[in-house]
Amino acid sequence: MDAKELLRRYIEQRRELGESELVLDRLNVEDVMRLIGAAGASRPSPAASHTVREFDSSDTRDWRTSLRDAGVNVDTPTAAAAPAVEASPETESPAVTTTDDMAFKKGIVVAPDEGDLIPDAILKLRSLDEIAEKVKKCTRCSLYETATHPVPGEGDPQAKLVCVGEAPGAKEDETGRPFVGQAGQLLTKILAAIDLTREQVFICNVLKHRPPGNRNPRPEEVEACSPYLIRQLELIKPKVIVAFGTFAAQTLLNTKTPLGQLRGLVHRYHGIPLIVTYHPAALLRNPAWKRPTWEDVKLARRILDSASRS
Ligand code: SF4
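Residues numbered from 1 in each chain as written. Predicted model: local features only at pLDDT ≥ 70, side-chain atom pairs only at ≥ 80, totals over all residues.

*Asks:* Can you lay out the overall build of the chain for me, pointing to particular residues and giving the numbers?
*Replies:* For the chain, the helix and strand inventory stands at 13 helices and eight strands. Counting every position in the chain, which comprises 310 residues, the buried fraction comes to 38%. In the chain, the share of contacts with a sequence separation of at least 24, taken over all contacts with a separation of at least 6, comes to 72%. (Helix = DSSP H or I, 4+ residues; strand = E, 2+ residues; numbered from the N terminus. Buried ≥ 20, exposed ≤ 12 C-beta atoms within 10 Å, placed from the backbone. Contact = placed C-beta atoms within 7 Å.)

Listed below in structure tokens is the structure:
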């Protein structure tokens, strides 16, 4: 079967599955390059050096150079092609906002009006260490009864980027550290792909204790625990937040919009740009999502770079 037929079948299959985004994860790169008019892979050029790398084995400079050769503007932020978010009271129209030389498609804006939801006992905590101490003794929901260790989060208290996941898993519960299992190792690689170490960011979850058997968090647990996350973000004041997975994204953005429609947009959480992407655990189950995740974290990196320049 020639490459064109394979590409047609692939796209049809994705459309039937209800996908509107295209991820070229199984095709021979050389065939696709030929299809779009690029004359084969180019050697990496020094001028194409970037602050970001892919977290798989391929060298991104190859496809960038090839696409540039084919006349594609690969320097345009990927968000420009993102799907629109369904209309909701907290959703702004997907207008384009500009930071420096970059244009991003806007998503949901969550205004900083939840102050009254934070109990005084949490609001008065003045550092991440104080929050961690409070979490250790927390009984605001029943999860502390079944968990082994609290997992308040770890990293740079002045991090420019904060990663937010769902809840601790078995390994995290055992060690008291966030994202240390298999998914955590993948998160470390994802961060490395945008030239960040775990120590340079802050990593935490919406829930600070593990739900038994990794069951889904319950609304009352989220309500009880989210003030800790809100306070952590208030104290850190990052330049960008990356929500990993549906749960973190929907909690922070106070929406039921599916993850697929939240990706590729720059949301605002209390004025801080927020990017949504797949949870690393989901990437372990579906490696095809590595490419869109790469696009998402690359967008986060661009926002970070843009904020550093301003
Ligand atoms: S999960 Fe959160 S609210 Fe529940 S006991 Fe732990 S720290 Fe407290």
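*Asks:* A description of the environment of I303 should follow, citing residues and the corresponding values.
*Replies:* With respect to the element layout, I303 can be found in helix α13 (residues 290-309). C-alpha separation for the pair I303 and K239, spaced 64 residues apart in sequence, amounts to 7.9 Å. Setting aside residues up to four positions removed in sequence, I303 forms contacts with K239, V240, V266 and P273.

*Asks:* Quick one: what's the story with the nonpolar core, residue by residue and with numbers?
*Replies:* Ranked by internal contacts, the top residues of the largest apolar core, which has 61 residues, are V162, V164, I241, V242, A243 and A300. Dropping the residues within four chain positions of it, I241 is found in contact with V162, V164, L233, Y269, I272 and L274. (Core = buried A, V, L, I, M, F, W, Y, C linked by C-beta atoms within 7 Å.)

*Asks:* Lay out the pairing of strand β7 (residues 266-269) with the relevant residues and their values.
*Replies:* Taken together, the three bridges between β7 and strand β8 (residues 272-277) define a ladder with antiparallel strand orientation. In the strand pairing of β8, H267 is matched with L274. Connecting the antiparallel pair β7 and β8 is a turn made up of two residues, with H270 showing a positive phi of about 50 degrees. (Pairing = 2+ DSSP bridges.)

*Asks:* Can you lay out helix α5 (residues 128-136) for me, pointing to particular residues and giving the numbers?
*Replies:* Those residues of α5 lying buried are L128, I131 and V135. The arc that holds the buried residues of α5, viewed along the axis, is 55 degrees, so those residues lie on one side. In this fold, the buried residues of α5 make contact with α9 (219-236). (Arc of directions from axis to C-beta.)

*Asks:* Residues and numbers for the site of the ligand, please.
*Replies:* If you check the shell around the ligand, you find 13 residues, and the closest are C138, R140, C141, H209 and C225. Put simply, the parts of the chain that give the shell around the ligand at least two residues each are α6 (143-146) and α9. Here the element with the most residues in the shell around the ligand is α9; it accounts for three residues. Class assignment for the residues of the shell around the ligand results in eight nonpolar, two polar and three charged. (Near = placed C-beta within 6 Å. Nonpolar A, V, L, I, M, F, W, Y, C, P; charged D, E, K, R; others polar.)

*Asks:* Describe the environment of L259, and please don't skip the residues or the numbers.
*Replies:* Mapped onto the elements, L259 comes out in helix α11 (residues 259-262). You can call L259 partly exposed: it has 18 C-beta atoms within 10 Å. C-alpha of L259 to C-alpha of T277: the two residues are 18 residues apart in sequence and 7.5 Å apart in space. Excluding anything up to four places from it in sequence, L259 contacts T246, A249 and V276.

*Asks:* Let's hear about unusual backbone geometry: which residues, and what values?
*Replies:* Positive phi outside glycine occurs at D195, with the angle close to 60 degrees. Note on placement: D195 falls in the loop between α8 (182-193) and β5 (202-205). Using a count of 14 C-beta atoms within 10 Å as the deciding quantity, one classes D195 as partly exposed. In the Ramachandran plot, N254 falls in the positive-phi region, its phi being about 55 degrees despite a non-glycine side chain. Along the polypeptide, N254 turns up in the loop between α10 (246-253) and α11.

*Asks:* Which residues make up the packing of α5 against α9, and what are the values?
*Replies:* Where α5 meets α9, the closest approach of the two axes is 10 Å, and the angle between their N-to-C directions is 170 degrees. Judged by the inter-axis angle, α5 sits roughly antiparallel to α9. Considering how the two elements wind past one another, α5 and α9 form a crossing that is left-handed. Every residue of α9 that contacts α5 at L128, I131 and V135 is listed here: Y228, R231, Q232 and L235. By residue class, the composition of the contact of α5 with α9 is five nonpolar, one polar and one charged. (Axes fitted to C-alpha atoms, helices over the stretch in contact; angles between N-to-C directions. Parallel < 35°, antiparallel > 145°, perpendicular 65-115°, else oblique. Left-handed = near helix turned anticlockwise from the far one by under 90°.)

*Asks:* Quick one: what's the story with the confidence of the model for the chain, residue by residue and with numbers?
*Replies:* Per-residue confidence for the chain gives a mean pLDDT of 79, with 66% of residues at or over 70. For the stretch residues 40-52, pLDDT sits under 50, and the model shows 27 contacts to residues farther than four places along the chain or on other chains. Note on residues 57-94: pLDDT is under 50 here. Beyond four places in sequence and across chains, it has 74 contacts. (pLDDT = per-residue confidence, 0-100.)

*Asks:* Go over the pairing of β8 with me, naming the residues and quoting the values.
*Replies:* In regular strands, side chains alternate between the two faces of the sheet. A large share of β8 lies buried, amounting to six of its six residues. On β8, burial covers both faces: I272, L274 and V276 on one face and P273, I275 and T277 on the other are all buried. The pairing of strand β6 (residues 240-244) with β8 spans four bridges and is parallel. Among the inter-strand pairings, A243 is bridged to a residue of β8, identified as V276.

*Asks:* Pulling in residues and values, what's your account of the environment of V266?
*Replies:* Within the secondary structure, V266 sits in strand β7. The exposure class of V266 is buried, given the 26 C-beta atoms found within 10 Å. In sequence terms V266 and I108 are 158 residues apart; their C-alpha atoms lie 7.8 Å from each other.

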